[in-house]
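# Fold and contact review
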Amino acid sequence: MDATLAALPQDADHRTAERAFRDTGWTRAGAGDWAIALRAPDGSAAVRISPFDPTGPYTAELYRAAAHTRLVPELFAHRRLAGGGDLQLMEWLTPVDESDAHAFHGLIAQRDEAVAELVDIIDGIHARALRELPWCGPLDTNPSNVMRGADGRLVVTDLFYADGPALYSTAGGDPDLLVSRIPEPERRFLTEIPLAASGPWDDASRDEMRRGIAAADARAVQSGS
């Protein structure tokens, strides 16, 4: 997997990344609203590939900063992709019972002693994300974000997320505001997220949003010239 990642060109986007991993035997393992997941041929690792994920760097920072707690996934590599995409290479995780997930989220919410150090790290990174990112959402307490590592421990994933409904409502209704707040290189593939959980998102609506954003980009260039 190191060789596959190293071989990606500097301008690789989500399509290039998915193709590179598939060509070396990685297989589709699932999809959510923001990303797809592929599994390594030996089953030991997963790669999460998103066309557009502003919070990806903050999640990767959390996984690295809290690695010693063993309460987050082991992150092997992180890379930003062209157009605002994000790639995270990590250990393979499996689902847990919903009751276990709710209990784990409860420990975090209560700042239980068992997770206190993790909570401090989460709070620090999330506070900065709220300051730095337009449309950054609150912590995500979805039970599917608690999973189990190969060694049996529970870990929390994907706590940080962009407020999709607000962001995409702005993209559709006030694209000039979107264009003013997120640079084009960081939102080029905004309309290509999978939306596997909340979708489907029909092609006509995607095309209409692209046209609106392109027109707003053109207006921004004209007003700045």
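Please refer to the structure placed before this passage.
The following paragraphs examine the structure supplied in this document.

Thresholds, definitions, all that
- Residues numbered from 1 in each chain as written.
- Predicted model: local features only at pLDDT ≥ 70, side-chain atom pairs only at ≥ 80, totals over all residues.
- Heavy atoms only, no water.
- Buried < 20%, exposed > 50% of the residue type's maximum accessible area, 1.4 Å probe, protein only.
- Helix = DSSP H or I, 4+ residues; strand = E, 2+ residues; numbered from the N terminus.
- Arc of directions from axis to C-beta.
- Contact = heavy atoms within 4.5 Å.
- Pairing = 2+ DSSP bridges.
- Axes fitted to C-alpha atoms, helices over the stretch in contact; angles between N-to-C directions.
- Polar contact = N/O pair within 3.5 Å; in protein donor to acceptor, adjacent residues only side chain to side chain.
- Parallel < 35°, antiparallel > 145°, perpendicular 65-115°, else oblique.
- Left-handed = near helix turned anticlockwise from the far one by under 90°.
- Nonpolar A, V, L, I, M, F, W, Y, C, P; charged D, E, K, R; others polar.

Those residues of helix α6 (residues 164–173) that fall on the buried side of the exposure criterion are Gly164, Leu167, Tyr168, Thr170 and Ala171. Taken around the axis of α6, the buried residues stretch over an arc of 155°, which confines them to a single face. Counted as exposed and oriented over 90 degrees from the buried face of α6: Pro165, Ser169, Gly172 and Gly173. Where α6 is buried, its residues touch α7 (175–181) and α8 (203–224).

Here three strands make up an open sheet; going across it, the order is β6-β7-β8 and the pairing antiparallel. Edge positions in the open sheet fall to β6 (94–95) and β8 (154–156), since each of these has one partner strand only. Two elements, β6 and strand β7 (residues 146–148), share two bridges in a ladder whose sense is antiparallel. Note on β7: the bridge partner recorded for Pro95 is Met147. Each of β7 and β8 touches helix α4 (residues 98–110); the most contacted strand, β8, lies at about 60° to it.

On to the sheet that holds strand β2 (residues 36–39). Pairing in this open sheet of five strands is antiparallel, and the strands run β1-β2-β3-β5-β4 from one edge to the other. Where the open sheet ends on each side, the last strands, each with one partner, are β1 (27–31) and β4 (75–81). If you compare each strand with its neighbour and ignore which way they point, the axes differ by 20° on average. Sheet topology note: the strand β3 (residues 45–50)/strand β5 (residues 85–91) ladder contains six bridges and is antiparallel. Among the inter-strand pairings, Ser50 is bridged to a residue of β5, identified as Asp86. Docked against the sheet, helix α3 (residues 56–65) engages β4 and β5, running at close to 165° with respect to β4.

This part takes up the side chain of Thr55. Relative to the elements of secondary structure, Thr55 occurs in the loop between β3 and α3. We classify Thr55 as buried; its relative accessible area is 3%. A polar contact of 3.2 Å, which involves the side chain of Thr55, links it to the backbone oxygen of Phe160. Sequence-distant contacts of Thr55, that is, excluding residues within four places in its chain, are made with Leu133, Phe160, Tyr161 and Ala162.

This brings us to the packing of α3 against helix α5 (residues 116–132). When two helices pack together, you describe them by how their axes are tilted relative to each other and by the distance separating the axes. Where α3 contacts α5, the axes come no closer than 10 Å and their chain directions differ by 160°. With respect to their mutual orientation, α3 and α5 come out roughly antiparallel. In the crossing of α3 with α5, the sense of the turn from one axis to the other is right-handed. For the pair α3 and α5, contact is made by Tyr58, Glu61, Leu62 and Ala65 and by Leu118, Ile121, Ile122, Ile125, Arg128, Ala129 and Glu132, respectively. In terms of residue class, the contact of α3 with α5 is made up of eight nonpolar, no polar and three charged.

In this structure, Phe21 sits in helix α2 (residues 14–23). For Phe21 and Pro183, which are 162 residues apart along the polypeptide, the C-alpha to C-alpha distance reads 28 Å. Setting aside residues up to four positions removed in sequence, Phe21 forms contacts with Thr4, Leu5, Trp26, Leu38, Val47, Leu87 and Leu89.

Of all seven residues in β4, five are buried, a share of seventy percent or more. In this structure, β4 lies alongside β5, joined through six bridges in antiparallel fashion. Considered in β5, the bridge of Ala77 is made with Leu89. Taking the residues between adjacent antiparallel strands as the criterion, β4 and β5 are bridged by three residues, where Gly83 takes a positive phi near 85°.

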